[in-house]
Amino acid sequence: MSRFDPEDLFERLARSRFRSRFHLDDQARLYLESRGLDVVMEHGAAFIAERLAPAHPPRDGKQTPMRGHPVFIAQHATGACCRSCLSKWHGMGPGKDLTSEQQKQILRVLRCWIERDFGASIPGSPAQGALF
């Protein structure tokens, strides 16, 4: 299996007026600086496992807040906020549990988006090639 490269996805997302309007706000930046990217991505793994991975998540389409955590903002910016968006943007169809590999792919996209939008070195951000 080839390694996932999010560049095509980011190019498509950039053409979406809705998706491209999302950016980390001051609260999200402070949260990243105080907790570090590794901890934030651990939260992201839990959010994905609980709110997106089930075949039929509770409150699908409304399970991801628009703000309050850097991962929530990244999920909306990258089309990883609900199962219908995952289907449209990531080709991960509804009605089946997400595999661990699909969950890792979503986390890689979220991490990449957060790093790009933050625009500087984030504490707790190891060199490229990390798990997420």
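Residues numbered from 1 in each chain as written. Predicted model: local features only at pLDDT ≥ 70, side-chain atom pairs only at ≥ 80, totals over all residues. Heavy atoms only, no water.

Asker: I keep staring at the overall build of the chain and nothing clicks. Help me out?
Answerer: Looking only at helices and strands, the chain features seven helices and zero strands. Listed N to C, the secondary structure of the chain is α-α-α-α-α-α-α in terms of helices and strands. What you see for the chain is a C-alpha radius of gyration of 14 Å, in line with the 14 Å of a compact globule of 132 residues. Based on the C-alpha atoms only, the size of the chain along its principal axes is roughly 35 × 30 × 30 Å. Out of the 132 residues in the chain, the part that is buried amounts to 45%. Within the chain, contacts between residues at least 6 apart in sequence are counted, and of these 66% link residues at least 24 apart. Accessible area of the chain: about 7200 Å², with a carbon and sulfur share of 51%. (Helix = DSSP H or I, 4+ residues; strand = E, 2+ residues; numbered from the N terminus. Rg over C-alpha atoms; globule rule 2.2 N^0.38 Å. Buried < 20%, exposed > 50% of the residue type's maximum accessible area, 1.4 Å probe, protein only. Contact = heavy atoms within 4.5 Å. Areas by Shrake-Rupley, 256 points an atom, 1.4 Å probe, with all protein chains shown as cover.)

Asker: Please explain helix α4 (residues 37-52) as it appears in this structure.
Answerer: In an α-helix, one turn spans 3.6 residues, which is why side chains three or four residues apart end up on the same side. When we look at burial in α4, the residues that qualify are L37, V40, M41, G44, F47, I48 and L52. The buried residues of α4 occupy an angular sector of 110° when projected down its axis, which confines them to one face. Turned more than 90 degrees away from the buried face of α4 sit E42 and E50, all of them exposed. The inward-facing, buried residues of α4 abut α3 (26-35), α5 (70-77), α6 (83-90) and α7 (100-118). (Arc of directions from axis to C-beta.)

Asker: Help me understand α6 in this model?
Answerer: All of the buried residues along α6 are R83, C85, L86, W89 and H90. Projected onto a plane normal to the axis of α6, the buried residues spread over an arc of 155° and lie on a single side. The inward-facing, buried residues of α6 abut α1 (7-14), α2 (17-20), α4 and α7.

Asker: Would you mind showing me how to read the nonpolar core here?
Answerer: Looking at soluble globular proteins, one finds that nonpolar side chains tend to be buried together. By size, the foremost hydrophobic cluster in this structure holds 37 residues, and its most contacted members are L24, L32, I106, L110, W113 and I114. Listing elements by their share of this core, those giving two or more residues are α1, α3, α4, α5, α6 and α7. Top element by residues in this core is α7. It accounts for eight residues. If we skip the residues at most four places from it in the chain, W113 touches F10, F22, H23, L24, I73, A74, A77 and T78. (Core = buried A, V, L, I, M, F, W, Y, C linked by side-chain atoms within 4.5 Å.)

Asker: Please explain the confidence of the model for the chain as it appears in this structure.
Answerer: Summing up the model confidence of the chain, the mean pLDDT is 89 and the portion of residues at 70 or higher is 91%. Per-residue pLDDT, averaged within each element of the chain, yields its smallest value for α1 (93) and its largest for α5 (97). This model gives residues 127-132 a pLDDT under 50, and the stretch forms nine contacts once residues within four places in sequence are excluded. (pLDDT = per-residue confidence, 0-100.)

Asker: Looking at this model, I keep getting lost on the pattern of salt bridges. Mind explaining?
Answerer: Between side chains of opposite charge, pairing is possible as soon as their charged atoms come close. Throughout the structure, instances matching the rule amount to five salt bridges. A salt bridge links R12 to D8; the shortest N-O distance between them is 3.4 Å. With R12 and D8 both in helix α1, this residue pair falls four residues apart, about one helical turn. Given the relative accessible area of 48%, D8 is considered partly exposed. Put simply, R111 and D38 hold a salt bridge, and the shortest N to O gap is 3.4 Å. Highlighted residues: R111 in helix α7 and D38 in helix α4, separated in sequence by 73 residues. By relative accessible area, which is 32% here, D38 ends up partly exposed. One network of salt bridges, in which partners are shared, links D38, R111 and E115. (Salt bridge = Lys/Arg side-chain N within 4 Å of Asp/Glu carboxyl O.)

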